[in-house]
Amino acid sequence: MTPLTHLPDGGDLPEVVTIGVSVSVPDPYGAAVQDARAGHGDPLARSIPTHVTLLPPTEVPAEGLPKIEEHLAAVAAAHRPFRMLLRGGGTFRPVSPVVYVRVEEGAQECRLLEADIRSGPLARELAFPYHPHVTVAHGLPDDVLDQAYEQARGFRAAFRVPGFGLSRFDADEVWRPWRTYSFG
C-alpha cells in the first residue's frame, strides 16, 4: 500500500492536500445519482463520487497525513456497520442552492462518525451545522433545482455501510478515493 505521503503512482504530494471523508453510496444507487446530476446539467456530476459527507473538503499539510490515517483507523475501529436508507428529497434553499436525497436511516450513525472524525488532527469549525445527505443538484438555476427536487422525492436506496473512505481532491479538480476504513 502506498503511504499517504505519496501518490499511488509513486510521485510526491504537494505540501498541502485537500481531503474529504465520506460514506460511499454503492452502485446501482451511486450511478443513478450521478446520472441524475448529469441529466440536470451539473458540471460536477462525474467528478464527485456519490457519497454522504463525514468531513467536508479540508486542507491539511501532507506531513500530517500519517497522524490523520491513524486517527481515521481508530475512529473506524470504534464504530460498527449500519444500515442506511436514502429516501425522498430535501433542499438547503434559500441558504444554499442544493437539492439532496435525505438520509432517513443511518443519520444518527453519520452524526456520531462525523463528530469523531472531526476531532484530533481533523478538528475544524464548520460553516453550517452537520446534516447528512446525498447531493443531487448544486448551484444550478432554480427551475432545474425544482425539477431535481421533484425527481429526488421518489428516490429510495437501502444498503449496509461497512466503513468510510478518505478521498483527495487533485489538481484536475476531481475527487479520488484514496483509502477505505472498515468498521471494527
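Use the structure listed above.
Residues numbered from 1 in each chain as written. Predicted model: local features only at pLDDT ≥ 70, side-chain atom pairs only at ≥ 80, totals over all residues. Heavy atoms only, no water.

**Student:** What is the right way to read the overall build of the protein chain from this model?
**Tutor:** In terms of helices and strands, the protein chain carries 4 helices and 8 strands. In sequence order, the protein chain lays out its α and β elements as β-α-β-α-β-β-α-β-α-β-β-β. A compact globule built from 184 residues should have a C-alpha radius of gyration of about 16 Å, and the protein chain, at 16 Å, falls within 12% of that. Projecting the C-alpha coordinates of the protein chain onto the three principal axes gives extents of approximately 45 × 35 × 30 Å. Sequence separation of 24 or more characterises 74% of the internal contacts of the protein chain that already satisfy a separation of 6 or more. Within the structure as shown, the protein chain displays about 9600 Å² of accessible surface, and the carbon and sulfur contribution to it stands at 53%. Taken together, the 17 basic and 23 acidic charged side chains of the protein chain have centroids lying 8 Å from each other. (Helix = DSSP H or I, 4+ residues; strand = E, 2+ residues; numbered from the N terminus. Rg over C-alpha atoms; globule rule 2.2 N^0.38 Å. Contact = heavy atoms within 4.5 Å. Areas by Shrake-Rupley, 256 points an atom, 1.4 Å probe, with all protein chains shown as cover. Lys, Arg positive; Asp, Glu negative; His and termini not counted. Charge placed at Lys NZ, Arg CZ, Asp CG, Glu CD.)

**Student:** Just checking my understanding: could you explain the sheet that holds strand E1 (residues 16-24) for this structure?
**Tutor:** Strand pairing in a sheet relies on backbone hydrogen bonds. The paired strands run either parallel or antiparallel. Taken in spatial order, the 4 strands line up as E2-E1-E7-E8 in an open sheet, and their pairing is antiparallel. Edge positions in the open sheet fall to strand E2 (51-61) and strand E8 (175-182), since each of these has one partner strand only. The sheet shows a mean angle of 25 degrees between the axes of neighbouring strands, taken without regard to direction. Relative to E8, strand E7 (residues 163-169) is paired through 7 bridges, and the arrangement is antiparallel. When the bridges of E8 are listed, Leu166 appears paired with Arg179. Contacts between helix H2 (residues 65-77) and the sheet are confined to E1, E2, E7 and E8, with E8 contributing the most and set at about 50 degrees to the helix. (Pairing = 2+ DSSP bridges. Axes fitted to C-alpha atoms, helices over the stretch in contact; angles between N-to-C directions.)

**Student:** Just checking my understanding: could you explain the layout of surface pockets for this structure?
**Tutor:** It is the rolling of a water-molecule-sized probe over the atoms that shows where space remains empty. Roughly 170 Å³ of volume is contained in the second largest pocket. Every residue lining the second largest pocket is counted, 10 residues in all, and those nearest its centre are Pro14, Val17, Phe169, Asp170 and Ala171. With 3 residues, E1 is the single largest residue contributor to the lining of the second largest pocket. The residue inventory of the lining of the second largest pocket, partitioned by class, reads 7 nonpolar, 1 polar and 2 charged. (1 Å grid on protein atoms, 1.4 Å probe; cavity = no way out; pocket = protein on both sides within 12 Å on 5 of 7 lines; lining within 4 Å. Points joined across faces, edges and corners; volume = space filled by probe spheres on them. Nonpolar A, V, L, I, M, F, W, Y, C, P; charged D, E, K, R; others polar.)

**Student:** What is the right way to look at the pairing of strand E5 (residues 133-138) in this model?
**Tutor:** Each regular strand shows side chains that alternate between the opposite faces of the sheet. Counting buried residues in E5 gives 5 out of 6 residues, a clear majority hidden from the surface. Here strand E4 (residues 98-105) pairs with E5 via 5 bridges, running antiparallel. Within E5, the residue paired with Val101 across the bridge is Val134. (Buried < 20%, exposed > 50% of the residue type's maximum accessible area, 1.4 Å probe, protein only.)

**Student:** What exactly am I supposed to notice about the pattern of salt bridges here?
**Tutor:** Side-chain pairs of opposite charge can arise where the charged atoms are in close proximity. All told, the structure shown has 13 salt bridges when counted by the stated rule. Put simply, Asp146 and Arg93 hold a salt bridge, and the shortest N to O gap is 2.7 Å. One end of the pair, Asp146, is in helix H4 (residues 142-152); the other, Arg93, is in the loop between strand E3 (82-91) and E4, and 53 residues separate them in sequence. Looking at Asp146, the relative accessible area reads 41%, which means it is partly exposed. Its salt-bridge partner being Arg118, residue Glu114 comes within 2.5 Å of it at the nearest N-O pair. With a relative accessible area of 5%, Glu114 lands in the buried category. Classification of Arg118 by relative accessible area gives partly exposed; the value is 24%. If you follow the salt bridges from partner to partner, you end up with Arg168, Asp170, Asp172 and Arg176 in one network. (Salt bridge = Lys/Arg side-chain N within 4 Å of Asp/Glu carboxyl O.)

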